[in-house]
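Listed below are the residues making up each chain.
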Amino acid sequence: MKKLMILAALGTAALFTACGDDSSSSAASDDPMSGKSVVSCDMVTTFGGVESHTCMAIAADNAAAEGLKSSCASVEGMMTATQGTGCPSGAELACPSADGSSAEYFYDQGVGGFTCEQMSSEEPAAPAAQ
């Protein structure tokens, strides 16, 4: 997806592993980083007037946490990035990494119909049957 490609361009995509290899999705109420001390980067991206909201969180004791902090930067006119110690509640989909040390949260309506596997792929896919 375009937003993942932008993250790669900013050098953050390498910090995170893809969502787990199962095809199930995590419900918004299933926070994979719950109870963990985390470093986060909340990103609101705008393309052609359309806004997209994602957030990355990684365990604070993970070696890649410093990389997330240093790469969490806004791009004027394109993306607003805010560092924090956790992602906002209300995610439509929460995708943990395979090892559980990080997670990506998606906030856009309609994303809840997709699986984590579909959201981590480069090709667009149809929403999962509900």
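Definitions and cut-offs
Throughout, residues of each chain are indexed from 1 in the direction in which the sequence is written. Local features in this predicted model are restricted to residues whose pLDDT is 70 or higher, and side-chain atom pairs enter the listing and the counts only when it is 80 or higher, whereas totals over whole chains, interfaces and linings include all residues. Hydrogens and water molecules were not included; the side-chain quantities draw on all heavy atoms of the structure. Think of pLDDT as the predictor's per-residue confidence, scored from 0 to 100. Elements are defined by DSSP. Helices are runs of H or I of four residues or more, strands are runs of E of two residues or more, and each kind is numbered from the N terminus. Here a residue-residue contact requires only that any non-hydrogen atoms of the pair lie within 4.5 Å. Disulfides are defined in this document as cysteine sulfur pairs within 2.5 Å. Each residue is placed in one exposure class: buried if its accessible area under a 1.4 Å probe, protein chains only, is under 20% of its type's maximum, exposed if it is over 50%, and partly exposed if it falls in between. Think of it this way: DSSP has to see at least two bridges between two strands before they count as a pair.

Turning our eyes to something else, we now look at the confidence of the model for the chain. Mean pLDDT over the chain works out to 77, with 71% of the residues at or above the 70 mark. Within the chain, the element-level pLDDT minimum falls on helix α1 (residues 2-9), averaging 37, and the maximum on strand β3 (residues 79-84), averaging 96. Below pLDDT 50 for its whole length, residues 1-28 participates in 66 contacts with residues either more than four positions away or in separate chains.

Moving on: the state of the cysteines. All chains considered together, the criterion is met by 3 disulfides. The disulfide that involves Cys95 links it to Cys116, with 2.2 Å between the sulfurs. Where Cys95 bonds to Cys116 through sulfur, the torsion about that S-S bond is close to -95°, and the disulfide is left-handed. With Cys95 in strand β4 (residues 93-96) and Cys116 in helix α3 (residues 116-120), the pair connects residues that are 21 residues apart, well separated along the chain. Just as Cys95 is buried, Cys116 falls in that class too. With its bonded cysteines labelled in order along the sequence, the chain shows the pairing 1-3, 2-4, 5-6.

This part is about the pairing of β4. Two strands pair when backbone bridges link them, and β4 and strand β5 (residues 102-106) are joined in this way by 4 bridges, in the antiparallel orientation. Each bridged residue has a counterpart across the sheet, and for Cys95 the counterpart in β5 is Glu104. Following β4, the chain reverses through 5 residues before pairing antiparallel with β5; Gly100 in that reversal takes a positive phi of roughly 80°.

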